[in-house]
Structure formats: structure tokens, C-alpha cells
Amino acid sequence: MNSIIKQKSFAFAIRIVRLYKHLTQSKKEFILSKQLLRCGTSIGALCYEAEHAQSRADFINKMNISLKEANEVIYWITLLRETDYLEGRMFESIYSDGIELVRLLASIVKTTKQT
């Protein structure tokens with residue numbers, strides 16, 4: 001498996017955990033941030049799991065689920081922005097990383113399906 005996706009998804013999970021801490025400690029926001037934590041950390045877990053998939057179909061399935069989780073992260077980040085829990089630079093930075101993951105995962109799924 002492409003180690004770039006493993007590295008980027010793990011680094012993203014670390015950012016998500018830190019953002020979760022910030023949201024719960026500084027902003028006292030617990031509901032939306034928990035959703036963000038769940039899907040933001042599962043992206044990398046699924047990528048790691050896909051590395052030892054039982055078949056090509058299993059690999060594609062795990063990467064597809066990871067892609068869905070990455071898309072969900074975009075939703076929660078945007079919602080947190082629109083409800084004034086995330087400000088400018090913080091939002092832009094993590095949103096940009098999330099979009100990069102979505103694009104990488106979509107490319108991996110598409111390429112794997114074509115081979």
C-alpha cells in the first residue's frame with residue numbers, strides 16, 4: 001500500500017485529536033467534536049487495516065469506507081466553521097488537509113478498481 005496515505009492519514013488523525021481537545025477544553029463543545037473525532041481518526045485506521053486486506057475487493061471496500069469517513073470529516077469541519085467553533089486559519093488548514101485526503105483516497109480507489 002502507498003505509505004503516503006498511511007502517513008498523511010495518521011498525521012491527520014493527530015490533528016483531529018488535538019482539535020477535539022481544543023474544542024472540548026476551550027470551546028466546551030462536546031457533541032459535534034465527538035463526531036469529528038470518530039470519523040477523523042477512523043480514516044487512518046481503515047488505511048492501516050486495508051494494508052492487510054484479504055483480497056483486492058476487501059482492500060477496495062476498506063479504502064472506500066475510509067473515503068466516506070474523510071468526506072464526513074469535511075462535513076463536520078464545515079459545520080463547526082459555520083457555527084463559529086472554528087475560526088479562519090484553523091479551519092482553512094484542517095479543511096485543506098481533509099480535502100487532500102479525500103482526493104488521495106478517491107484516486108487510490110479509482111486506480112485499484114481499474115487494475
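Every chain begins its residue count from 1, and numbering advances along the sequence as written. This being a predicted model, a pLDDT of at least 70 is required before a residue's local features are given, and a value of 80 or more before pairs of side-chain atoms are given or counted; all residues contribute to the totals for chains, interfaces and linings. Hydrogens are left out, water is left out, and the side-chain values use all remaining heavy atoms of the structure.

(A) Examining a nonpolar patch on the surface more closely. Patch definition: residues with relative accessible area over 30% and no salt bridge; like charges joined within 9 Å; nonpolar side chains (Val, Leu, Ile, Met, Phe, Trp, Tyr) joined within 5 Å. Throughout, the Shrake-Rupley method with a 1.4 Å probe supplies accessible areas, and for residues the shown protein chains are the sole cover considered. What counts as a salt bridge is simple: a side-chain nitrogen of Lys or Arg found within 4 Å of a carboxyl oxygen of Asp or Glu. Together, Phe10, Ile14 and Tyr48 make up a nonpolar patch on the protein surface, roughly 280 Å² of accessible area in all. Every helix listed is a DSSP run of H or I at least four residues long, and every strand listed is a run of E at least two residues long, numbered separately from the N terminus. Structurally, the position occupied by Ile14 is in helix 1 (residues 3-25).

(B) Structural context of the pattern of salt bridges. Per the stated rule, a full pass over the model turns up eight salt bridges. Measuring nitrogen to oxygen at the nearest pair gives 3.3 Å for the salt bridge that ties Arg38 to Glu69. With Arg38 in helix 2 (residues 31-50) and Glu69 in helix 3 (residues 56-82), this pair connects stretches of sequence that are 31 residues apart. Relative accessibility thresholds used throughout: buried, under 20% of the residue-type maximum; exposed, over 50%; partly exposed, between the two (1.4 Å probe, protein chains only). Judged by relative accessible area, Arg38 falls into the partly exposed class, the value being 39%. Glu72 is the salt-bridge partner of Arg38, the closest N and O atoms lying 2.5 Å from each other. Linking Arg38 in helix 2 with Glu72 in helix 3, this pair joins segments that are 34 residues apart in sequence. By sharing partners, the salt bridges in this structure join Arg38, Glu69 and Glu72 into a single network.

(C) Representation of helix 3 within the structure. Under the convention used throughout, the expected extent of a helix is 1.5 Å for every residue step, that is, one less than its residue count. Here helix 3 contains 27 residues, and its C-alpha end-to-end distance of 39 Å stays within 8% of the 39 Å for a straight helix at 1.5 Å per residue. After helix 3 finishes, the residue Asp84 shows a positive phi value of roughly 65 degrees.

(D) Just the nonpolar core, in detail. Phe12, Leu36, Met63, Val73, Ile77 and Leu105 are the most contacted members of the largest nonpolar core, which has 31 residues in total. Elements that contribute at least two residues to this core include exactly helix 1, helix 2, helix 3 and helix 4 (88-114). Sort the elements by how many residues they give to this core and helix 3 lands first, with 10 residues. Only heavy atoms matter for contacts: two residues are in contact if any of them lie within 4.5 Å across the pair. The residues contacting Phe12, other than those within four sequence positions of it, are Gly40, Ile43, Val73, Ile77, Ile94, Asp97, Gly98 and Leu101. What we call a nonpolar core is a set of buried Ala, Val, Leu, Ile, Met, Phe, Trp, Tyr and Cys residues that are connected through their side-chain atoms within 4.5 Å.

(E) Summary view of the packing of aromatic side chains. Stacked, tilted and edge-to-face are the three classes assigned to paired rings of Phe, Tyr and Trp, where Trp is represented by its six-membered ring and a pair needs centres within 6.5 Å; plane angles under 30 degrees give stacked, over 60 edge-to-face, the rest tilted. Scanning the model with the defined rule gives two aromatic pairs in all. A ring pair is formed by Tyr75 and Trp76, whose centres lie 4.9 Å apart and whose planes are at 80 degrees; its orientation type is edge-to-face.

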